[in-house]
Structures are given as C-alpha cells and as structure tokens.
Amino acid sequence: MTRLTNMTSEVGKDKGDDENKGNTTQNNNHQPSPQQSPRRQPEQLILRRSFRKKKLPPVPKQDAASSPPPGSPPMFERAGISSPGERTPSVANSPNGVGAYGQLFLEYALMAEYNQLQKQRLPGVYVIPSAASPLHWFGVLFIRQGLYQEGVFKFDVHIPDNYPDGDCPRLVFHPPVFHPIVDFETGELDVQRAFKQWRRNVNHIWQVLLYARRIFYKIDTKAPLNPEAAVLYEEDNVLFKAKVADTIATCKSQLYDSPHSDDPHAIRFSKWEEEKHSKALKTIVTPKMNPSTVL
C-alpha cells in the first residue's frame, strides 16, 4: 500500500512537471523573439504605404531649356532627320507642350503621320521628310489618266509648328501648275477649302496628299485661286486642255533640273542609264518567289 502511494505521488509529480513545462513553452511562444519585429498597427501600415507612392518628375517651366538631354537618339533617325537639339527656334517654342516635352510630342506625332502615309499606299504619290526639319516634306505626284495625264508634279508640304492643334499643312507645287484652285504665281494649293478647320486625330497629312491627287481628276472651279483656269474650263475646254498640256510639258522639262532646295532629301530625277538602271528595273518588275511554293 505504501509502495502504491509512492508510485502515485511520483506520477503526479511527473504530470505536474509536464504541465509546468507546457505552460512555460506556451508563454515563450507569446513573447516576441529578439529577431522578430512586433506586429504593426493598421495606422502604421497605412502611413508606411503612403510613403511608397511614386512621385512623377516636375514639369519644366515655360522658360526652361527646350533642348533634350545630350546623347538622346533622334526620333526621326530612320528618315534621316537631325536630332531634336538641332531644330529651328520655331519648333522648339511649339505650343503643343512645354519646352522639350512639346518638341518631342511634335516629332512623335509627325513620325506617326508618316507611318500612316506609308500604310495608305496612295497611288502615284511619293513623299519623304526633309533632312533638316520634320516640318518640311518633299513629294512628287504622278497623274496617269484624265486631263492631266502624264503629268509629273513636284511639291513641298509645309507643316505648321503648332501641329496638330493649329492650322492645316500647306502644299506648294514646284513649278506652279495651271489649275483653278492652284495659285499660278506661288504654286500653292487651296487646301483650306477641303480642311476648313484642322481637327486633331480626325484630319491627317495623308488626307491632304489624297486631296492634292484628287484635284487633277475632279476639277473644282468654285472660288478659284486661278480665275483664268476656271473660266477656260467652264467656257473653252479646248484652250483649257492646251494650257494643261503646256504646264505638263513645263514640269517635264524641269524634271531633271536641280531641286529648288539644297536639302539632301529633296527629290531628284536622273535620266535613264542602261548600265546603272537596268539591273534595278529588273529587280523591281521581277515577281518575288515564295520559298514555301518552291518544290
């Protein structure tokens, strides 16, 4: 009996030791370790997250320098346009934006316009931007039917420095073309009659070129810039055709002359040389073979 009582007391002692040990372990779990940071309160989390917000760079002031950082690549590099820092003052002070931001936006908008023009594939219209300024484009127009058939007309496109929020581009023929809505003294096409108000993201430069092509197929004599051409077209079609033939011959006679601009991208025509051009012609007219169809 005494032995049984001793065994029971020893078992109770061991059980009490285990309970004390478990309580000690449980208390240790509630105590933060020196390497573990205490749990943050919700107010602290909100405050900490507020400091992690990104801050945008401040917009430069109106009188800030308009030239971009040195070493920045030109956005018109593929077209041969010089770097933004070499632009004319009128471009640098464009009201599209502030300082260099507005200038880069202008170049981006013009680059997008030129890409749209390439996708349109206007028949008989060829255009290339100037090497000196993206606001000046050179072009040539080939007329293949109608009253002005066989006409080859060179032209320049002048884009305003507040594009695309300002006036519509100007198109000037060199030399001037005998047409009712083309000024025979300056060669400028009346673009305003088709684009009374230039609307951003609605009107595009390729539409101006399409309009310049269309005037030679559909003659408009209302409010003419060349009254003589309008009167002859309405009253003496024979004499009008003779005048048109003269302007076509004049443009062809000056086709191989040096361009009116010394810009390296100004369009130049050279006479046919068998050794120089025959290989290029053969490459153009030979259809390309699809490798997947070759057995």
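The sections below set out a description of the structure shown in this document. (Residues numbered from 1 in each chain as written. Predicted model: local features only at pLDDT ≥ 70, side-chain atom pairs only at ≥ 80, totals over all residues. Heavy atoms only, no water.)

## Some remarks on the sheet that holds strand 2 (residues 136-142)
Test applied: The pairing criterion is simple: DSSP has to find at least two bridges between the two strands. A run of H or I in DSSP becomes a helix once it reaches four residues, and a run of E becomes a strand once it reaches two; helices and strands are each numbered from the N terminus. Axis geometry follows a simple rule: fit a line to the C-alpha atoms, using only the stretch in contact for helices, then measure angles between N-to-C directions, giving values from 0 to 180 degrees.
Pairing within the open sheet is antiparallel, and its four strands lie in the order 1-2-3-4. The open sheet has two edge strands with one neighbour each: strand 1 (125-129) and strand 4 (170-174). Taking each pair of neighbouring strands and ignoring which way they run, the sheet shows an average axis angle of 25°. For strand 3 (residues 152-158) and strand 4, the ladder comprises five bridges, and the chain directions are antiparallel.

## So, the pairing of strand 1
Heads up, the condition is: Whether a residue is buried, partly exposed or exposed follows from its accessible area with a 1.4 Å probe, protein chains only, as a fraction of its type maximum: under 20%, in between, or over 50%, in that order.
Of the two faces of strand 1, the one lined by Val125, Val127 and Pro129 is fully buried and the one lined by Tyr126 and Ile128 carries no buried residue. Relative to strand 2, strand 1 runs antiparallel, the two being bridged by five bridges. In the sheet register, Tyr126 faces strand 2, and the bridge partner there is Val140. Taken together, strand 1 and the strand that follows it, strand 2, pair antiparallel across an intervening segment of six residues.

## Some points on the side chain of His179
Here is the rule we go by: Whether two residues are in contact is decided by their heavy atoms, any of which lying within 4.5 Å being enough.
By the secondary structure assignment, His179 is in the loop between strand 4 and helix 5 (205-214). Residue contacts for His179: discarding those within four places in its chain leaves Tyr148, Ile215, Phe216, Ile219, Asn226 and Ala229.

## Here's the deal with empty space enclosed by the protein
Short version of the rule: Using protein atoms alone on a 1 Å grid, points that fit a 1.4 Å probe yet trap it form a cavity, whereas open point sets bounded by protein on both sides within 12 Å along at least five of seven lines form a pocket; residues with an atom within 4 Å of a point count as lining. Grid points are joined across faces, edges and corners, and a volume is the space filled by probe spheres set on the points. Ten residues, namely Ala, Val, Leu, Ile, Met, Phe, Trp, Tyr, Cys and Pro, are considered nonpolar, four, namely Asp, Glu, Lys and Arg, are considered charged, and the remaining ones, Gly among them, are considered polar.
Tallying each qualifying case throughout the model produces one cavity of 30 Å³ or more. In this structure, the largest cavity occupies an estimated 80 Å³ of space. Taken together, Phe138, Gly139, Lys154, Phe155, Asp156, Pro259, His260, Ala266 and Ile267 make up the full set of residues lining the largest cavity. Of all elements in the fold, only strand 2 and strand 3 reach the threshold of two or more residues within the lining of the largest cavity. Partitioned by chemical class, the residues of the lining of the largest cavity number five nonpolar, two polar and two charged.

## Structural notes on the environment of Pro164
Within the secondary structure, Pro164 is located in the loop between strand 3 and strand 4. The sequence separation of Pro164 and His204 amounts to 40 residues, and the corresponding C-alpha distance is 8.8 Å.

## Focus: a nonpolar patch on the surface
In plain terms, the rule: A residue counts toward a patch only above 30% relative accessible area and without a salt bridge, and it is joined to like-charged neighbours within 9 Å or, for Val, Leu, Ile, Met, Phe, Trp and Tyr, to nonpolar neighbours within 5 Å. Calculation of accessible area relied on Shrake-Rupley with a 1.4 Å probe; when residues are assessed, cover is drawn exclusively from the protein chains displayed. In the sections that follow, a salt bridge refers to a side-chain nitrogen of Lys or Arg positioned within 4 Å of a carboxyl oxygen of Asp or Glu.
Judged by side-chain polarity, Trp272, Leu281, Ile284 and Val285 come together as a nonpolar surface patch covering roughly 450 Å² of accessible area. In this structure, Val285 sits in helix 8 (residues 274-285). Residue Val285 is classed as exposed on the basis of its relative accessible area of 57%.

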